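Residue-level listing of the chains:
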Amino acid sequence: AATRLVAALKVEIGTAITEPAAAAAAFDAAAKTLALLAKNAGERLDARRVKRGNRTFASRVGRWRAALPILQFIGFQIADAVVTLVSPCDHASLASRSAALEAAVAKFRAP
């Protein structure tokens, strides 16, 4: 499932940004931010809620429709104003899904 979700993100970014280096940079930024969200949410209670209007989140992740299913795959719930990790957090599931996401991202990163 993670591979399919990451592939959709890669296609969306590649369609929106036609310059290959810029598209690769945008994909890398989105992937790193998604991985960081998952990591921090598992470690810190204050990182389990992100405002969708947060400038960094909006520019790296929130602008891509395909990123929302990835967040849901990790365990986040999507609302109009915020993205929140389901509580209580199943740390084993979060770690497993985060690892699957990282493996899928590695398949699509430019060499």
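As a reminder, the structure under discussion sits directly above these lines.
Anyway, here's the lowdown on the structure attached to this text. Since we're looking at a predicted model, the values are computed, not measured.

What counts as what
Residues numbered from 1 in each chain as written. Predicted model: local features only at pLDDT ≥ 70, side-chain atom pairs only at ≥ 80, totals over all residues. Heavy atoms only, no water. Helix = DSSP H or I, 4+ residues; strand = E, 2+ residues; numbered from the N terminus. Expected span 1.5 Å × (residues − 1). Buried < 20%, exposed > 50% of the residue type's maximum accessible area, 1.4 Å probe, protein only. Arc of directions from axis to C-beta. Contact = heavy atoms within 4.5 Å. Pairing = 2+ DSSP bridges. Axes fitted to C-alpha atoms, helices over the stretch in contact; angles between N-to-C directions. Salt bridge = Lys/Arg side-chain N within 4 Å of Asp/Glu carboxyl O. Core = buried A, V, L, I, M, F, W, Y, C linked by side-chain atoms within 4.5 Å. Nonpolar A, V, L, I, M, F, W, Y, C, P; charged D, E, K, R; others polar.

**A short note on helix 1 (residues 2-16)**
With 15 residues, helix 1 extends 21 Å from end C-alpha to end C-alpha; this agrees with the ideal 21 Å at 1.5 Å per step. Among the residues of helix 1, those classed as buried are Ala2, Leu5, Val6, Leu9 and Ile13. All buried residues of helix 1 lie within an arc of 95° about the axis, which places them on one face of the element. Along helix 1, exposed side chains directed more than 90 degrees from the buried face belong to Arg4, Val11 and Thr15.

**Some words on the environment of Ile70**
Mapped onto the fold, Ile70 is located in helix 4 (residues 67-74). For the pair Ile70 and Ala31, spaced 39 residues apart in the sequence, the C-alpha separation amounts to 9.9 Å. Filtering out sequence-adjacent residues up to four positions away, Ile70 remains in contact with Leu5, Val6, Leu9, Leu34 and Leu101.

**Description of the sheet that holds strand 2 (residues 76-78)**
Spatially, 1-3-2 is the arrangement adopted by the 3 strands of the open sheet, whose pairing is antiparallel. The strands lining the two open edges of the sheet, one partner per strand, are strand 1 (49-51) and strand 2. Across the sheet, the mean angle from the axis of one strand to that of its neighbour is 20°, orientation sign disregarded. Direction of pairing for strand 2 relative to strand 3 (residues 82-85): antiparallel, over a ladder of 3 bridges. Counted as the bridge partner of Ile78 is Val83 from strand 3.

**Re the pattern of salt bridges**
Taken as a whole and judged by the stated rule, the model has 2 salt bridges. Taking the shortest distance from any N to any O, the salt bridge between Asp28 and Lys32 comes out at 3.2 Å. Here Asp28 and its partner Lys32 are both found in helix 2 (residues 20-43), 4 residues apart, which amounts to about one turn of the helix. Judged by its relative accessible area of 22%, Asp28 falls in the partly exposed class.

**Considering the nonpolar core**
Note that soluble globular proteins tend to have their nonpolar side chains buried in a common cluster. Within the largest apolar cluster, 34 residues are counted, with the highest numbers of intra-cluster contacts made by Leu9, Ile13, Trp64, Ile70, Leu71 and Phe76. Contributing elements (two or more residues each) for this core: helix 1, helix 2, helix 3 (55-62), helix 4, strand 3 and helix 5 (91-108). No other element matches helix 2, which puts 9 residues into this core. Apart from residues lying up to four places away in sequence, Leu9 is in contact with Phe27, Ala30, Leu34, Trp64, Ala66, Ala67 and Ile70.

**Looking at the packing of helix 4 against helix 5**
The contact between helix 4 and helix 5 brings their axes to 9 Å, and the two run at 145°. Of the residues in helix 5, those touching helix 4 at Ile70, Phe73 and Ile74 are Leu94, Arg97, Ala100 and Leu101. Counted by class, the contact of helix 4 with helix 5 contains 6 nonpolar, no polar and 1 charged residues.

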